[in-house]
Amino acid sequence: MDLDAFSAVHAPTWARLDELSRRSGLSGAEADELVRLYQEVATHLSTIRSVAPDPAVVSRLSDVLGRARSAIAGTHDPSWSDVVRFLTVVVPVAFYRVRWWTVAVTVVFCAIAVVAGVHVYGDTDAQAAMGTPAQLQQYADEEFANYYSNYPGQSFAAQVWTNNAWIAAQCVAFGITGILPVYVLIQNAVAVGSAGAVMALHDGLGVFFSLILPHGLMELTAIFVAGAAGLKIFWTIIDPGGRPRGRALAEEGRSLFVVAIGLVGVLGVSGLVEGFVTPSPLPWWLKIVIGALVLAAYWVYVLVLGRRAAADGETGDLRADQNVDQLPIAA
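Remember, predicted model here, so these are calculated numbers, not experimental data. (Residues numbered from 1 in each chain as written. Predicted model: local features only at pLDDT ≥ 70, side-chain atom pairs only at ≥ 80, totals over all residues. Heavy atoms only, no water.)

A. Fine view of helix α12 (residues 284-311). Taking 1.5 Å per residue as the helical rise, α12 with its 28 residues ought to reach 40 Å, and the 40 Å between its terminal C-alpha atoms agrees with that figure. Where α12 is buried, its residues touch α4 (80-96), α10 (205-238) and α11 (245-277). (Helix = DSSP H or I, 4+ residues; strand = E, 2+ residues; numbered from the N terminus. Expected span 1.5 Å × (residues − 1). Contact = heavy atoms within 4.5 Å.)

B. Examining the nonpolar core more closely. Counting residues in hydrophobic clusters, the biggest one holds 40 residues, and the most contacted among them are F95, V225, L256, V259, L263, V266 and Y298. Taken together, the elements giving at least two residues each to this core come down to α4, α5 (99-122), α8 (153-173), α9 (180-201), α10, α11 and α12. With 10 residues, the single largest contributor to this core is α10. Leave out the neighbours within four places in its chain, and F95 touches V225, V259, G262, L263, V266, Y298, Y301 and V302. Counting 17 residues, the second largest nonpolar core, distinct from the first, contains L37, A52, V57 and V64. (Core = buried A, V, L, I, M, F, W, Y, C linked by side-chain atoms within 4.5 Å. Buried < 20%, exposed > 50% of the residue type's maximum accessible area, 1.4 Å probe, protein only.)

C. Broad picture of the pattern of salt bridges. In this structure the tally under the stated criterion is 10 salt bridges. For D18, the salt bridge identified is with R67, shortest N-O distance 2.8 Å. With a gap of 49 residues between them, D18 in helix α1 (residues 3-22) and R67 in helix α3 (residues 55-73) connect regions that are remote in the sequence. A salt bridge links E252 to R97; the shortest N-O distance between them is 3.0 Å. Taken together, the residues span a long stretch of sequence, with E252 in helix α11 and R97 in the loop between α4 and α5 at a distance of 155 residues. Relative accessible area serves as the criterion here: at 4%, E252 is assigned to the buried category. Residue classification places R97 among the partly exposed residues on the basis of a relative accessible area of 26%. (Salt bridge = Lys/Arg side-chain N within 4 Å of Asp/Glu carboxyl O.)

D. Representation of a nonpolar patch on the surface. Residues W284, W285, V289 and L293 make up a contiguous nonpolar surface patch of roughly 470 Å² in combined accessible area. With respect to the helices and strands, W284 occurs in helix α12. With a relative accessible area of 56%, W284 lands in the exposed category. (Patch = residues over 30% accessible without salt bridge, like charges linked within 9 Å, V, L, I, M, F, W, Y side chains within 5 Å. Areas by Shrake-Rupley, 256 points an atom, 1.4 Å probe, with all protein chains shown as cover.)

E. Expanded view of the packing of α10 against α12. Across the interface, α10 lies against α12 with an axial gap of 7 Å and an inter-helix angle of 15°. As summarised for this structure, α10 and α12 are arranged roughly parallel, according to the angle between their axes. Between α10 and α12 the crossing geometry is left-handed. Each of F209, S210, L213, P214, L217, M218, T221 and V225 in α10 lies in contact with α12, whose residues at this interface are W284, K287, I288, G291, A292, V294, L295, Y298 and W299. Within the contact of α10 with α12, the residues separate by chemical class into 13 nonpolar, 3 polar and 1 charged. (Axes fitted to C-alpha atoms, helices over the stretch in contact; angles between N-to-C directions. Parallel < 35°, antiparallel > 145°, perpendicular 65-115°, else oblique. Left-handed = near helix turned anticlockwise from the far one by under 90°. Nonpolar A, V, L, I, M, F, W, Y, C, P; charged D, E, K, R; others polar.)

F. Focus on α1. Within α1, the axis deviates most sharply at H10, by approximately 50°, and proline P12 lies no more than four positions further along. Among the residues making up α1, those that are buried are L3, F6, S7, H10, T13, W14, L17, D18, L20 and S21. Here the buried face of α1 lies against α2 (28-51) and α3. The N-terminus of α1 is capped by D2, whose side-chain oxygen sits 3.1 Å from the backbone nitrogen of D4. (Bend = angle between axes of the 7 residues up to and from the residue. Polar contact = N/O pair within 3.5 Å; in protein donor to acceptor, adjacent residues only side chain to side chain.)

G. The arrangement of the side chain of T221 in detail. Within the secondary structure, T221 sits in helix α10. With residues up to four places along the chain from it excluded, the contact list for T221 reads G216, L295, Y298 and W299.

H. Representation of the confidence of the model for the protein chain in the model. Put simply, the protein chain has an average pLDDT of 86, and 92% of its residues get 70 or more. The element-level mean pLDDT for the protein chain is lowest in α8, coming to 77, with α5 highest at 96. Low pLDDT (under 50) marks residues 321-331, which in the prediction has 20 contacts with non-local residues, meaning those over four places away or in another chain. (pLDDT = per-residue confidence, 0-100.)

I. Quick look at the packing of α5 against α10. Between α5 and α10, whose axes approach to 8 Å, the crossing angle comes to 115°. Relative to α10, the crossing made by α5 is right-handed. Judged by residue contacts, W101, T102, V105, T106 and F109 of α5 engage L220, F224, V225, A228, L231, K232 and W235 from α10.

Here it is as structure tokens:
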């Protein structure tokens with residue numbers, strides 16, 4: 001097909017549809033014409049996609065058809081059903097699609113933390129780099145525990161929430177570089193392992209786990225999810241899965257943006273645990289049980305709702321039902 005000739009023949013039709021879609025207060029005859037032209041131009045777009053998928057022409061017609069569709073169907077006012085669907089379908093399936101990446105990141109993170117902890121525990125030079133013996137003693141005896149009780153629960157929870165949500169958003173947003181998620185994960189793994197080593201050196205390993213596990217189980221998992229999402233978008237550049245690389249990045253980017261939004265809520269929950277449960281006078285075992293229940297609730301949410309949504313063909317892409325930007329690909 002000669003695309004230039006095809007465009008020249010049908011350009012008046014496309015222009016007329018664009019004109020009607022931008023006009024308000026259509027008469028009955030004009031409304032009928034709008035619907036008829038919409039169907040006709042949609043056929044043109046389908047033909048072009050199949051035979052001569054020129055990006056500029058496809059983009060132009062997609063825009064025209066999008067406006068026409070809005071003019072015909074009217075705007076959609078968000079409702080509670082949209083919120084419910086987002087929370088029970090879109091978010092869990094977005095988490096579900098990065099579950100194995102999350103598991104892999106978790107394993108690597110824990111391995112690095114253990115290696116760092118063993119290194120600091122057995123290397124006096126590494127200990128000296130962290131501070132004098134008196135400073136490390138003070139850290140183990142006072143500073144580590146005081147960190148969780150120096151501020152009121154509400155302000156501490158809010159501070160932790162915003163800080164971790166910002167870190168998670170950066171991991172997702174800059175994951176395309178393949179560098180920032182790795183840097184953030186390694187930095188945090190080394191910090192956790194080193195802190196554990198200092199506590200162990202001063203017989204405080206029990207205090208370490210009793211204070212870090214209640215909130216850390218969910219908080220660190222959220223960081224793992226963020227790192228996994230960032231690395232997945234980076235991997236999409238390497239392996240777009242048979243899709244044009246630009247389209248693959250757009251689709252995965254929208255889905256992983258949902259992950260970033262969902263993590264705001266997840267980190268909000270872990271922030272509440274860190275602000276009110278970790279420094280509380282509850283028995284240490286009960287605090288850890290609460291943290292484990294929060295983590296279990298997350299995985300039930302992901303594996304039950306996420307698997308169900310994935311089986312229904314959901315991807316977490318907020319624009320999955322608007323396929324106007326998709327080009328045909330070879331099987």
